[in-house]
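# An overview of the molecular structure
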Amino acid sequence: MAEEASSPDQLANSVRALKFNESSTQENAAGSGDCSGVEITCFSDLVNDVAVHFQIIRLPNQIYAWIGCNSAKFGHVYAAATTWPNNTVSVTSILGGVSDNTGSGIARRIVLKTGLNVILACNIPKNSPLLEADVEKKLVEKLIGLGYTRPKYL
């Protein structure tokens, strides 16, 4: 009986140990300047009458973003980064076969707006350019709200 009584206590202690420290996450999201942590943001929105889901993971020098349309499928995965010597952006398809303009274009423009390396998983229909533009707009709005974009110089 003593062993049975201790197992719920052990489980409770384990759960307490796994709980996420909300105060430090809120400080990071508020822009405390601590770039060593990982910030995760998830949200969904209705874009052109289509349910679109987003996940943004901010790592120290890069952003991972997932965009899902109508489902939680992973889609194509792209890597984009600035390259030397002209500071142009290079994009490559990591998963999903042949690169298409939908995800690679979004990844390229996110790198230009943030100055960070980007890994983008994108599950948007290829035949919907308006949906693509509006989804990218929502993602950029969120990145601006989170403070991930570089400032514009006048």
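How each quantity is defined
Residues numbered from 1 in each chain as written. Predicted model: local features only at pLDDT ≥ 70, side-chain atom pairs only at ≥ 80, totals over all residues. Heavy atoms only, no water. Axes fitted to C-alpha atoms, helices over the stretch in contact; angles between N-to-C directions. Helix = DSSP H or I, 4+ residues; strand = E, 2+ residues; numbered from the N terminus. Parallel < 35°, antiparallel > 145°, perpendicular 65-115°, else oblique. Left-handed = near helix turned anticlockwise from the far one by under 90°. Contact = heavy atoms within 4.5 Å. Pairing = 2+ DSSP bridges. Salt bridge = Lys/Arg side-chain N within 4 Å of Asp/Glu carboxyl O. Buried < 20%, exposed > 50% of the residue type's maximum accessible area, 1.4 Å probe, protein only. Phe/Tyr/Trp six-rings, centres within 6.5 Å; stacked < 30°, edge-to-face > 60°. Lys NZ or Arg CZ within 6 Å of the ring centre and 35° of its normal. Core = buried A, V, L, I, M, F, W, Y, C linked by side-chain atoms within 4.5 Å.

As recorded in an unreviewed UniProt entry, the protein chain goes by Proteasome assembly chaperone 4 like and comes from Melia azedarach.

As a further point, take the packing of helix α3 (residues 101–114) against helix α4 (residues 129–146). Contact geometry for α3 and α4: axes closest at 11 Å, N-to-C directions at 30 degrees. With respect to α4, the element α3 is oriented roughly parallel. The crossing of α3 and α4 is right-handed. Between α3 and α4, the contacting residues are Asn-101, Thr-102, Ile-106, Arg-109, Ile-110, Lys-113 and Thr-114 on the first element and Glu-132, Glu-136, Leu-139, Val-140 and Leu-143 on the second.

With mixed pairing, the 6 strands of this open sheet are ordered in space as β1-β2-β3-β6-β4-β5. Of all the strands in the sheet, just β1 (39–47) and β5 (88–95) have a single pairing partner and so form its edges. Strand-to-strand, the axes of this sheet are offset by a mean angle of 20 degrees, without reference to chain direction. The pairing of strand β2 (residues 50–59) with strand β3 (residues 62–69) spans 8 bridges and is classified as antiparallel. Following the sheet pairing, Leu-59 is matched in β3 by Gln-62. This element, α3, spans β3, β4 (76–83), β5 and β6 (117–123) of the sheet and lies at about 150 degrees to β6. Where α4 meets the sheet, its contacts fall on β1, β2 and β3, and the angle it forms with β2 comes to roughly 40 degrees.

Now for the pattern of salt bridges. Enumeration according to the criterion identifies 3 salt bridges in this entry. Notably, a salt bridge pairs Lys-138 with Asp-45, separated by 3.1 Å at the nearest N-O pair. Placement of Lys-138 in helix α4 and of Asp-45 in strand β1 is noted, with a sequence separation of 93 residues between them. The class for Lys-138 is partly exposed, based on a relative accessible area of 28%. The residue Arg-109 makes a salt bridge to Glu-136 at a minimum N-O spacing of 2.8 Å. Of this pair, Arg-109 sits in helix α3 while Glu-136 sits in helix α4, placing them 27 residues apart in sequence. Connected via shared salt-bridge partners are Arg-109, Glu-132 and Glu-136.

Turning our eyes to something else, we now look at the packing of aromatic side chains. The way to describe two aromatic rings as a pair is by their centre distance and the angle between their planes. What the rule picks out here adds up to 1 aromatic pair. Aromatic side chains Phe-43 and Phe-54 sit 4.5 Å apart centroid to centroid with 10 degrees between the ring planes, which places their arrangement in the stacked category. Of this pair, Phe-43 sits in strand β1 while Phe-54 sits in strand β2; the two residues are 11 residues apart in sequence, bridging distant segments of the chain. The residues Phe-43 and Phe-54 share a single accessibility class, namely buried. Against the face of Tyr-148 rests Arg-58, its NZ or CZ located 5.3 Å from the ring centre. Positioned above the aromatic ring of Phe-43 is the side chain of Lys-142, whose terminal nitrogen or guanidinium carbon lies 5.0 Å from the ring centre.

This paragraph deals with the nonpolar core. Val-52, Ile-67, Leu-120, Leu-131, Val-135 and Leu-139 are the most contacted members of the largest nonpolar core, which has 28 residues in total. Listed by contribution, the elements that provide at least two residues to this core are β1, β2, β3, β4, α3, β6 and α4. Take this core: its biggest share by element is 5 residues, from α4. If we ignore the near neighbours within four places in the chain, the residues touching Leu-131 are Val-47, Asn-48, Val-50, Val-52, Cys-69, Ile-124 and Pro-125. If you look at the next biggest cluster of nonpolar residues, it comprises 5 residues, including Ile-57, Tyr-64, Trp-66 and Val-77.

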